[in-house]
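So you can see what is in the structure, the chains are spelled out below.
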Amino acid sequence: MSSPEPLHTRILQTFRFEVTFTRSPSTGADPAPRRFAEGSFQECSGLELEADVREYLEGGRNDGIIRRVGRVRLQPITLKRGLFTTAAGRSANTEMWDWLQGMVAGVLPIPRYDGFITVKDPATAEPRATWRFERGLPQKVSGPTLNAKTGEIAIEELHIVHEGLRMGP
């Protein structure tokens, strides 16, 4: 008879994560999922769900408030990464800018992307936590802050609004 596995927990570290995008199947565009924004992101924020709780006052009940669940508020996911060049290295990679500019210009169908944000174990690179967002659209793209006095890496930023966020395996 084997002894049960000891119960202990480990805190996940945030420095090893991966973000992947695939074309959302409901966009009506090309049926094969296309990858997007290949490359590592150095920062990810906006993995938030917030319930909208509505309060109702009931006549004669002076010792409390009735609370009912409303809609869930979804925050935009913000991703930051170094500004990459194309494979040939002759110009900057513009795919994040092209996504937003195409939407603003009215190019149809508007490509939507589903994405996975996966936190990995630093030692084994095995996935430990995963968030999935659905039907993402670009809300904002920011280019790097340029400063000739520093030797910092050029960072670009992408804000994605989406229609759902789940945490799971």
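No experiment lies behind these values; they were computed from the predicted model shown.

Draft legend 1. Molecular detail of the overall build of the protein chain. Along the backbone of the protein chain there are one helix and 10 strands. Each helix (α) and strand (β) of the protein chain, taken in turn from the N terminus, gives the series β-β-β-β-β-β-α-β-β-β-β. Residues classed as buried in the protein chain amount to 29% of the 169 residues present. Across the protein chain, contacts joining residues at least 24 apart in sequence account for 65% of those joining residues at least 6 apart. Only carbon and sulfur atoms are counted for the fraction: they give 53% of the accessible area of the protein chain, which is about 11,900 Å².

Draft legend 2. The nonpolar core, seen in detail. Core analysis: the largest hydrophobic core is formed by 21 residues, its most contacted members being F21, F36 and F41. Mapped onto this core, the elements with two or more residues apiece are β1 (17–23), β6 (77–82), α1 (95–105), β7 (113–120), β8 (127–142) and β9 (155–161). Here this core takes four residues from β8, the largest share from any one element. Setting aside chain neighbours within four positions, we find F36 in contact with F21, E95, M96, W99, Y113 and L158.

Draft legend 3. Spotlight on the side chain of K120. Along the chain, K120 turns up in strand β7. Only 3.5 Å separates the side chain of K120 from the side chain of E18, close enough to count as a polar contact.

Draft legend 4. Seen up close, the pattern of salt bridges. This structure, assessed with the given rule, holds 15 salt bridges. Note that E134 and R132 form a salt bridge whose closest N and O atoms lie 2.9 Å from each other. What makes E134 partly exposed here is its relative accessible area of 22%.

What counts as what
Residues numbered from 1 in each chain as written. Predicted model: local features only at pLDDT ≥ 70, side-chain atom pairs only at ≥ 80, totals over all residues. Heavy atoms only, no water. Helix = DSSP H or I, 4+ residues; strand = E, 2+ residues; numbered from the N terminus. Buried < 20%, exposed > 50% of the residue type's maximum accessible area, 1.4 Å probe, protein only. Contact = heavy atoms within 4.5 Å. Areas by Shrake-Rupley, 256 points an atom, 1.4 Å probe, with all protein chains shown as cover. Core = buried A, V, L, I, M, F, W, Y, C linked by side-chain atoms within 4.5 Å. Polar contact = N/O pair within 3.5 Å; in protein donor to acceptor, adjacent residues only side chain to side chain. Salt bridge = Lys/Arg side-chain N within 4 Å of Asp/Glu carboxyl O.

Without other data, these values stay purely geometric and don't point to any function.
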